[in-house]
Amino acid sequence: MVAIPIDQLGISTSIPFEINLTPPPAELADLVNTYFVIRTDAEELLEMMPAYSAQVMVYAAGHSLLLPESGAVYRSQTVTCTAPLMSAVPIEVAGPALIIGVSLTPLGWQCL
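Since this is a predicted model, take the numbers as computed values, not measurements.

1. Points about the overall build of the chain
Next up, step 1: Helix and strand counts for the chain stand at one helix and seven strands.
Next up, step 2: Across the chain, helices and strands are ordered from the amino to the carboxyl terminus as β-β-β-β-β-β-β-α.
Next up, step 3: Residues counted as buried form 26% of the 112 residues belonging to the chain.
Next up, step 4: If you take every contact in the chain between residues at least 6 apart in sequence, the share linking residues at least 24 apart comes to 69%.
Next up, step 5: Carbon and sulfur atoms provide 62% of the accessible area of the chain, an area that totals close to 7500 Å².

2. Details of the pattern of salt bridges
Next up, step 1: Per the stated rule, a full pass over the model turns up one salt bridge.
Next up, step 2: Of the charged contacts, one joins Glu18 and Arg39 as a salt bridge, the two residues approaching to 3.6 Å between their closest N and O atoms. A residue pair is termed long-range when its members are at least 10 positions apart, and Glu18 in strand β1 (residues 18-22) and Arg39 in strand β2 (residues 32-40) qualify at 21 residues.

3. A look at the pairing of strand β6 (residues 79-82)
Next up, step 1: Here β6 shows a buried face lined by Thr80 and Thr82 and an unburied face lined by Val79 and Cys81.
Next up, step 2: Two elements, strand β4 (residues 55-66) and β6, share four bridges in a ladder whose sense is antiparallel. Within the sheet, the bridge partner assigned to Gln55 lies in β6 and is Thr82.

4. Notes on the environment of Val58
Next up, step 1: As for its position among the elements, Val58 is in strand β4.
Next up, step 2: When the C-alpha atoms of Val58 and Ser76 are compared, they prove to be 9.3 Å apart, with 18 residues separating the residues in sequence.
Next up, step 3: Once residues lying within four places of it in the same chain are set aside, the contact partners of Val58 are Thr78, Val79, Leu98, Ile99 and Ile100.

5. Considerations on the nonpolar core
Next up, step 1: Grouped together as the largest cluster of nonpolar side chains are 11 residues: Phe36, Leu45, Met49, Met57, Tyr59, Leu66, Val89, Ile91, Val93, Ala97 and Ile99.
Next up, step 2: Sorting the residues of this core by element identifies β3 (44-49), β4 and β7 (89-104) as the ones contributing at least two each.
Next up, step 3: Excluding its chain neighbours within four sequence positions, the residues that come into contact with Val89 are Glu47, Met48, Met49, Leu66, Leu67 and Pro68.
Next up, step 4: With five residues, the next largest nonpolar core counts Val32, Val56, Val102 and Leu104 among its residues.

6. Some thoughts on the environment of Leu98
Next up, step 1: Looking at the element boundaries, Leu98 is found in strand β7.
Next up, step 2: Leave out the neighbours within four places in its chain, and Leu98 touches Val37, Ile38, Arg39, Val58, Tyr59, Ala60 and Ala61.

Conventions we followed
Residues numbered from 1 in each chain as written. Predicted model: local features only at pLDDT ≥ 70, side-chain atom pairs only at ≥ 80, totals over all residues. Heavy atoms only, no water. Helix = DSSP H or I, 4+ residues; strand = E, 2+ residues; numbered from the N terminus. Buried < 20%, exposed > 50% of the residue type's maximum accessible area, 1.4 Å probe, protein only. Contact = heavy atoms within 4.5 Å. Areas by Shrake-Rupley, 256 points an atom, 1.4 Å probe, with all protein chains shown as cover. Salt bridge = Lys/Arg side-chain N within 4 Å of Asp/Glu carboxyl O. Pairing = 2+ DSSP bridges. Core = buried A, V, L, I, M, F, W, Y, C linked by side-chain atoms within 4.5 Å.

Okay, here's the thing in structure tokens:
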């Protein structure tokens, strides 16, 4: 196998956003996977939202667009809930953005 230096691949080693994850207290662990805060100063950020759990997000600044393969465009609201995703979906974040959220377990989603 030949090793190729990362700078020759055209891959950025910098991450244009900051993400902080906080585990839930033990009494909420059946309902909550994690709490998160995402910050970016980028005016536009195109990423992939992984297929994952349901989420509740508060957009304190900025907004995002979910861009599924169907061609539909889903713009975030100040408070946004997403159901569990079956596949990764492109997401375009218009920043600067500050997103505060919670990732829910299946039971947490059911209780919501």
